[in-house]
Structure formats: C-alpha cells, structure tokens
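# Working through the structure, step by step
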Amino acid sequence: MLYYRPYMANKRQKAPRWEETTPIRVFDADPADIVRHSRKFDLIFKIRLAEAWAGGDAESIRLAETNYLEMQRARLSFFEDEPLRRTPADFMSSFRRLAESIFRTGFDFSTPPIPIETATMELLNGAHRLACCTAYSRPCRFAEYGRVYFGTHGGSTFRAFRQGRIAESVENYGVREYLRFNEGARIVEASPARGEDEEAAISRIESELGCIVWHSKPTKEGFAFTVSPADGASGAAKLPRTGSDTVDRLFPELPEPDWRERARTMRPDRATLELKKLKYRLTIPFKFGRKRRKAKLHIIDLDCRAVAFDALADYIEQCVPSKGFDAQ
C-alpha cells in the first residue's frame, strides 16, 4: 500500500489546519525536552547533521549528510511543496541555510512558534528548527494547541520510513544515535502474546511501562522496542540501561550500501511502473471527489519513488561534502 504524505492530505482537508486555530499557550522551553518525548524518527538525523556542520570533521559531515538524505528519500521521495523542494540539493541547501542562521543568531522569535499538540506534547511542524535549536542548545518558543485536524504522528514515525524502504545501515544509525542522545531511552525485548501483532504489542508496552515506543524492530523471539519515558512515567525509567552488546547485536554498524546498485535494484522497472500508472489512469474516470484525487496522487507518488533512488545516488557521487560553518 502506498503512503500518502501528510502535506498532501492536509490540502484535501476541509477543516481548518493548525495554523488557523488559537493556541492554548505560548511558552519558551528547552528544545531537547520536546525531542525526548517525540515519536518522530527523523529528528535525530537532523540533529546530528546540524551538530556535524557546527563542529564535525569532513567524514562525520559526509556521513551525516548521506544519512539525512536517505531519510528524506524514504520519507518524501525528495518531493515537498512547503517549502518547494524537488531534489536532494534543495533539501540540503534549505536546511543548511536554516542551521547556519540559528547557529549564528539563535532562534528567530519574530517567526511563528513551533507548534505542539496538547494531549501528547507531540511536534506538529517545525522539525528542522527544533533540531537546530537542540543541536546548538538555543532556547526556542513553542505554541501549544489543544485541537488538531490531522494525525500528528503518521508522517514521521519509524513506520513511515520502513514503508519508504529506508536502508538498514541508515535505520541502525538512527537508533544508535538516538540512544546516545536520549539517556533515558532503553531497548525492551518482548515476545508478543498469542494473536498479538506489532501494533497491539506497542500499545501494551506503552501502557505497562508508561513510555512511548520510538522504534520497533521484529526479531526471532518477538520485537525489540526502543522506548523513552513519557511525562511522569516510572516504569521505563527503572529499566536497566541498555548495554552496548545489546545495541550491537540488534542494531550493528553496517557499511553504507552501494547507492547506485541500490537504486538499480530498488527502483521499479519501467515496464512495471508504466503498467501501474496506466491502471490508475484507467480508474480515474470512474472515481469521484476524494477517490479521484487519491488516484492522481498515486501516479505522482509512483514517479517520485522511481526517480528518488537515482537522484540520491547522483547526488552522493557528484557532490563534495559541505564544510563546517567555521571552516567557510
């Protein structure tokens, strides 16, 4: 099943978006606290890249940039409307401009606050700003909203990246770096109850431990959950700290794949792609309203996914890693 990107879904919403609601409160807070209680899988990649630009060597910058771009390929296929971005270079340049601005001058308090949702304190937008403020220990401003009109978790949790076929080496990198960043995070290995699927197991673990499940990985015995204590939780905080041997066993450091070969093997062949596009085009005249728009988005999504693998391989082969801010 193809994944519908949140920003596309928002355009089909008839209800107001969060920008048009009135916040319950606006407050300043430590951005790292919001990150630790967020389920968003992409935040750690943005934090590590921002840190690398500020003080990393050439190899750490290259690794952080590569992993960031593979994360964006899996999440958006390098296709975003707000702001308009269509290539790996677009994503990289826009993030670097923002990161350097926050690195040198801090959070711009004249811009809208970073929105979060009341019930879960989950981030609704502004992940790049939050990541930069976290990396550079800059205070930032948040706006708390009590009512939202679209899902707050679906677009950036580990499920979306798994569906986008993120490289295993990059996924493991993300988990390892998250465990280093969040000292309260733990790995919990659990066997599912009879008839219990992954979603049910996640709900049970969150209820029993009073935590959020940031990542889940199927294992031979069941699942390995990467959890973080929720506000006021005690169960997850009492768990012993996860040892390095457990991390290495479940999430080993893997060599980078051959990005060109991966593009060749992961990309759907042209005949299959054209057949799927023809199928959706033939169904469009017989659909109405929302169903018709979904069928059109299928065609856009197929094209984006097909070219994104090649775009990433081209960028990695041709581009020289960026220099740190102080080395410019």
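This section reports on the structure supplied with the text. All values reported here derive from a predicted model rather than from experimental measurement.

### Remarks on helix α6 (residues 127-135)
Burial analysis of α6 places 9 of its 9 residues in the buried class, the great majority of the element. By the burial criterion, the buried members of α6 are Ala127, His128, Arg129, Leu130, Ala131, Cys132, Cys133, Thr134 and Ala135. Two residues or fewer after α6 comes serine 137, characterised by a positive phi angle close to 55°.

### Focus on the pattern of salt bridges
By the definition in use, this model includes 25 salt bridges. For glutamate 144, the salt bridge identified is with arginine 25, shortest N-O distance 2.5 Å. With glutamate 144 in strand β4 (residues 140-145) and arginine 25 in strand β1 (residues 25-29), this residue pair connects regions lying 119 residues apart in the sequence. The class for glutamate 144 is buried, based on a relative accessible area of 8%. Classification of arginine 25 as partly exposed rests on a relative accessible area of 40%. With its nearest N and O atoms 3.0 Å apart, the salt bridge here joins arginine 62 to glutamate 59. Of the two residues, arginine 62 and glutamate 59 both sit in helix α4 (residues 58-76), 3 residues apart, roughly one turn of that helix. The class for glutamate 59 is partly exposed, based on a relative accessible area of 49%. Salt bridges sharing common partners tie together Arg48, Glu51, Glu177 and Arg180.

### Looking at the packing of aromatic side chains
Aromatic ring pairs are reported here in terms of the distance separating the ring centres and the angle at which the planes meet. Taken as a whole, this structure holds 14 aromatic pairs when the rule is applied. Geometrically, the ring pair formed by phenylalanine 103 and phenylalanine 325 is tilted, given 5.2 Å between the ring centres and 40° between the ring planes. Taken together, the residues span a long stretch of sequence, with phenylalanine 103 in helix α5 (residues 88-105) and phenylalanine 325 in the segment after α13 (290-318) at a distance of 222 residues. You'll find phenylalanine 103 and phenylalanine 325 in the same group, each marked buried. Seen from the ring of phenylalanine 27, arginine 25 lies directly overhead, with NZ or CZ sitting 4.0 Å from the centre. The cationic tip of lysine 217 hangs over the ring face of phenylalanine 251; the distance from NZ or CZ to the ring centre is 5.0 Å.

### Here's the deal with the side chain of arginine 73
Summarising the element assignment, arginine 73 is placed in helix α4. Not counting residues up to four positions away in its chain, the partners in contact with arginine 73 are Phe78, Gly164, Arg165, Ile166, Arg262, Ala308, Phe309 and Leu312.

### What to know about the sheet that holds strand β5 (residues 186-190)
Taken together, 3 strands build an open sheet; the order of strands is β5-β7-β6 and the sheet is antiparallel. Each end of this open sheet is capped by a strand with a single partner; those strands are β5 and β6 (211-218). Strand after strand, the sheet turns through a mean of 30° between neighbouring axes, direction not considered. The pairing of β5 with strand β7 (residues 223-229) spans 5 bridges and is classified as antiparallel. Across the sheet, residue glutamate 189 finds its bridge partner in β7, namely alanine 224. Packing of helix α9 (residues 198-209) onto the sheet brings it into contact with β5, β6 and β7, and relative to β6 it is tilted by some 145°.

### Observations regarding unusual backbone geometry
For serine 137, which is not glycine, the phi torsion reads 55° and is therefore positive. Tracing the backbone shows serine 137 in the loop between α6 and β4. The exposed category is assigned to serine 137, whose relative accessible area is 63%. Non-glycine residue arginine 165 carries a positive phi angle of around 60°.

### Digging into the nonpolar core
Core analysis: the biggest nonpolar cluster contains 78 residues, and Tyr136 and Phe225 have the highest contact counts within it. The biggest single contributor to this core is helix α3 (residues 43-55), with 8 residues. Here phenylalanine 225 is in contact with Arg186, Ile187, Val188, Ala190, Ala201, Ile202, Ile205, Val213, His215 and Ser216, once residues within four sequence places are set aside.

### Description of the packing of α3 against α6
Between α3 and α6, the shortest axis-to-axis distance is 8 Å and the interhelical angle comes to 50°. On the basis of the axis angle, α3 is oblique to α6. Crossing angle aside, the handedness with which α3 passes α6 is right-handed. Judged by residue contacts, Leu43, Lys46, Ile47, Ala50 and Glu51 of α3 engage Ala127, His128, Leu130, Ala131, Cys132, Thr134 and Ala135 from α6. Counted by class, the contact of α3 with α6 contains 8 nonpolar, 2 polar and 2 charged residues.

### Here's the deal with the sheet that holds strand β3 (residues 122-123)
Spatially, β1-β4-β2-β3 is the arrangement adopted by the 4 strands of the open sheet, whose pairing is mixed. Taken across any chain shown, the strands that pair with only one partner, and hence form the sheet edges, are β1 and β3. In the sheet, strand β2 (residues 114-117) pairs with β4 via 4 bridges, with the strands oriented parallel. Bridge assignment links proline 115 to a residue of β4, and that residue is alanine 143.

### Observations regarding the packing of α3 against α5
Running from amino to carboxyl end, α3 crosses α5 at an angle of 65°, the nearest separation of the two axes being 10 Å. For the crossing formed where α3 meets α5, the hand is right-handed. Contacts between α3 and α5 involve Lys46, Leu49, Ala50, Trp53 and Ala54 on the former and, on the latter, Met92, Phe95, Arg96, Ala99 and Phe103. Split by residue class, the contact of α3 with α5 holds 8 nonpolar, no polar and 2 charged.

Conventions we followed
All residue numbers refer to positions counted from 1 along the written sequence of the respective chain. Under the rules for a predicted model, residues below a pLDDT of 70 receive no local features and side-chain atom pairs below 80 are neither given nor counted, while totals for whole chains, interfaces and linings still include all residues. Side-chain descriptors were evaluated using all non-hydrogen atoms of the structure, hydrogens and water having been removed beforehand. A 1.4 Å probe rolled over the protein chains alone gives each residue an accessible area, and that area as a share of the maximum for its type sets the label: buried under 20%, exposed over 50%, partly exposed in between. Counting from the N terminus, the helices are the DSSP runs of H or I reaching at least four residues and the strands are the DSSP runs of E reaching at least two. Basic side-chain nitrogens of Lys or Arg form a salt bridge, by our definition, when they fall within 4 Å of a carboxyl oxygen of Asp or Glu. Side-chain rings of Phe, Tyr and Trp, where Trp is taken by its six-membered ring, are said to pair if the distance between their centres is within 6.5 Å; with planes under 30 degrees apart they count as stacked, over 60 as edge-to-face, and otherwise as tilted. Only lysine NZ and arginine CZ atoms are considered, and such an atom sits over a ring when it is within 6 Å of the ring centre and within 35 degrees of the ring normal. Note on contacts: a residue pair is in contact if any heavy atoms of the two residues lie within 4.5 Å. Note: two strands are recorded as paired if DSSP finds a minimum of 2 bridges between them. Here the axes come from fitting lines to C-alpha atoms, over the contacting stretch only for helices, and the angles between their N-to-C directions go from 0 to 180 degrees. Put simply, buried Ala, Val, Leu, Ile, Met, Phe, Trp, Tyr and Cys residues joined by side-chain atoms within 4.5 Å make one nonpolar core. Angular relationships are summarised with four words: roughly parallel below 35 degrees, roughly antiparallel beyond 145, roughly perpendicular across 65 to 115, and oblique for the angles in between. Two helices that cross are described as forming a left-handed crossing if the nearer one is turned anticlockwise from the farther one by less than a right angle, and a right-handed crossing if clockwise. Polar here means any residue other than Ala, Val, Leu, Ile, Met, Phe, Trp, Tyr, Cys and Pro, which are nonpolar, and Asp, Glu, Lys and Arg, which are charged; Gly is therefore polar.

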